[in-house]
Amino acid sequence: MTPARNPTRDGSVPVTPELTDGARNFRLRMAVIDRESEVALDMACDRYGRIVHAGAAAAARAHRNRAAVEAYTTHLAPHADTLLDAARRALDELPPARHLAGWRAVLDGLAASAAEIRRALDRPDTPGSPAERAQHSALWPHLAAWADHSFIASDIADQNKHHHHKAPLPDEEQRMWTERAQAAQKRGELELTESWYAADGQPITLAHLIENDDSTLVALRGDPDAPGWQVIGHYAHEYEAGKVLPAPVPPGVLRADVSRFNRPAPVPEVSLQELIRDVVEGQTAGDASEALLGAVQRGYTPGPMVRLQELLETSSQFASALATVQGRQIAARLSALGRQIEFLTREVEEAAEDLGATVAVLPPHRTPVLRVRPRPAVDTAPPTPPPRAITPARHR
């Protein structure tokens, strides 16, 4: 399991396509495995997401774990250590920035997971045995870590390839273009199209600068909604800009402990559609009251209105985490909407309780209509159709 290395004269290992391609292919394969596992687990659950076929669920997880081990062995095992070495060397050459400490921690975590996987693969258990299934289950968190975060190692290793930023504009030209862009922004004619972060932690934004029905692609450094941003280049098109601007680095995450491949089991919940159906099919005030209370229920199985408030609060946190002026403004709006939903939730809860206290049923004149009418007898003549209205002929 020791990876093959071909060091250069200075002892370093060159970054080859096999290093980054292996990690990318592993991530793609893991995405397929994860999707297949979700489908299999869904079939072992009831409509609320609760597992009702434990044997089928265990078999689905065992198949997922075995497939993940095979994918790692095929795509990453020969290149994992070499990729991490290349990423660490590239990281040492990057300019100081706030995110570098987090990237080092990611690389250290990937190295620890690679070591655990290598030890298990060097001492495999009997194929198909309970011991092998237990071994693969123990490896799943490490395999998921590589599926979640190996793109960071690949991107860092490639940074030297993409370090192609040309010299900045002369001071006078930069000042002129910045003033033109600021004037266009005040007119509402600076159209932002794409944004990313460079290796030094500075945001780069592409925008179309419109003047007299003519559009020029410009690149901005800094937050376009905050004072101090500057134009660092103007280009004929996006392809030219991509060749000379600082390369993008991997974006961050809202919560550091979230994993696509290690999601917590979903909490069983009743959909809003089912609650509406319960009201439609209900006959007493208590039936409608219970449906409304289900929408505002809190705790382990929150209702749709509580989930909506949670969505707004989480989205507010996301907007604030963008660390831009506009992001903070939108975060405040979403937070205010969340408070309105909280107020509305309490109002619905009170109305539901009042409805439940109403001792009433629907009156009998609200008679149901049969969906399927009885067939007429065989010897029954069909009903006489209504007479057709006589329409006078039109003459030209």
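Here the structure is a predicted model, which is why all the values come from computation and not from measurement.

What counts and how
Residues numbered from 1 in each chain as written. Predicted model: local features only at pLDDT ≥ 70, side-chain atom pairs only at ≥ 80, totals over all residues. Heavy atoms only, no water. Axes fitted to C-alpha atoms, helices over the stretch in contact; angles between N-to-C directions. Helix = DSSP H or I, 4+ residues; strand = E, 2+ residues; numbered from the N terminus. Parallel < 35°, antiparallel > 145°, perpendicular 65-115°, else oblique. Left-handed = near helix turned anticlockwise from the far one by under 90°. Contact = heavy atoms within 4.5 Å. Pairing = 2+ DSSP bridges. 1 Å grid on protein atoms, 1.4 Å probe; cavity = no way out; pocket = protein on both sides within 12 Å on 5 of 7 lines; lining within 4 Å. Points joined across faces, edges and corners; volume = space filled by probe spheres on them. Nonpolar A, V, L, I, M, F, W, Y, C, P; charged D, E, K, R; others polar. Buried < 20%, exposed > 50% of the residue type's maximum accessible area, 1.4 Å probe, protein only.

Colleague: Quick question: what am I supposed to make of the packing of helix H3 (residues 80–93) against helix H5 (residues 130–157) here?
Modeller: Geometrically, a packed helix pair is captured by the angle between its two axes and the distance between the axes. It is the contact of H3 with H5, at a shortest axis distance of 7 Å, that shows an interaxial angle of 50 degrees. Compared by their axis directions, H3 and H5 come out oblique. The hand of the H3/H5 crossing is left-handed. From H3, Ala 80, Leu 83, Leu 84, Ala 86, Ala 87, Ala 90 and Leu 91 reach across to H5, where they touch Trp 146, Ala 153, Ser 154, Ile 156 and Ala 157.

Colleague: Whenever I open this one, the sheet that holds strand E1 (residues 190–197) confuses me. Can you help?
Modeller: Where strands meet in a sheet, backbone hydrogen bonds hold them as pairs that are either parallel or antiparallel. Read from one edge to the other, the open sheet built from four strands follows the order E1-E2-E3-E4, with strand pairing classed as antiparallel. At either end of the open sheet lies a strand with only one pairing partner, and these are E1 and strand E4 (230–235). In this sheet, neighbouring strand axes are inclined to one another by 30 degrees on average, regardless of whether the strands run parallel or antiparallel. Lying on the sheet, helix H6 (residues 171–187) is in contact with E1, strand E2 (203–211), strand E3 (214–221) and E4; it crosses E4 at an angle near 95 degrees.

Colleague: Explain the layout of surface pockets here, please?
Modeller: Over the atoms, a rolled probe matching the size of one water molecule traces out where space is still vacant. Each pocket or cavity is described by its volume, and for the largest pocket that value is around 1600 Å³. Around the largest pocket, the lining is made up of 43 residues, and of these Tyr 197, Pro 251, Gly 252, Ala 321 and Leu 322 lie nearest the centre. If you list the elements that add at least two residues to the lining of the largest pocket, you get helix H4 (100–122), H5, E1, E2, helix H10 (304–321) and helix H11 (325–357). Around the second largest pocket, the lining is made up of 23 residues, and of these Glu 38, Arg 263, Pro 264, Ala 265 and Pro 266 lie nearest the centre. Looking at the lining of the second largest pocket, the elements with two or more residues in it are helix H1 (17–43) and helix H2 (54–75). Looking at which element gives the most residues to the lining of the second largest pocket, the answer is H1, with six residues. In terms of residue class, the lining of the second largest pocket is built from nine nonpolar, four polar and ten charged.

Colleague: Help me understand unusual backbone geometry, please; the structure alone is not making it clear to me.
Modeller: Of all residues except glycine, most have a negative phi; of all peptide bonds, most are trans. Non-glycine residue Asn 212 carries a positive phi angle of around 55 degrees. The exposed category is assigned to Asn 212, whose relative accessible area is 77%. In this structure, Ala 323 is a non-glycine residue whose phi angle is positive, near 60 degrees. Turning to its location among the elements, Ala 323 is positioned in the loop between H10 and H11. A relative accessible area of 49% places Ala 323 in the partly exposed class.

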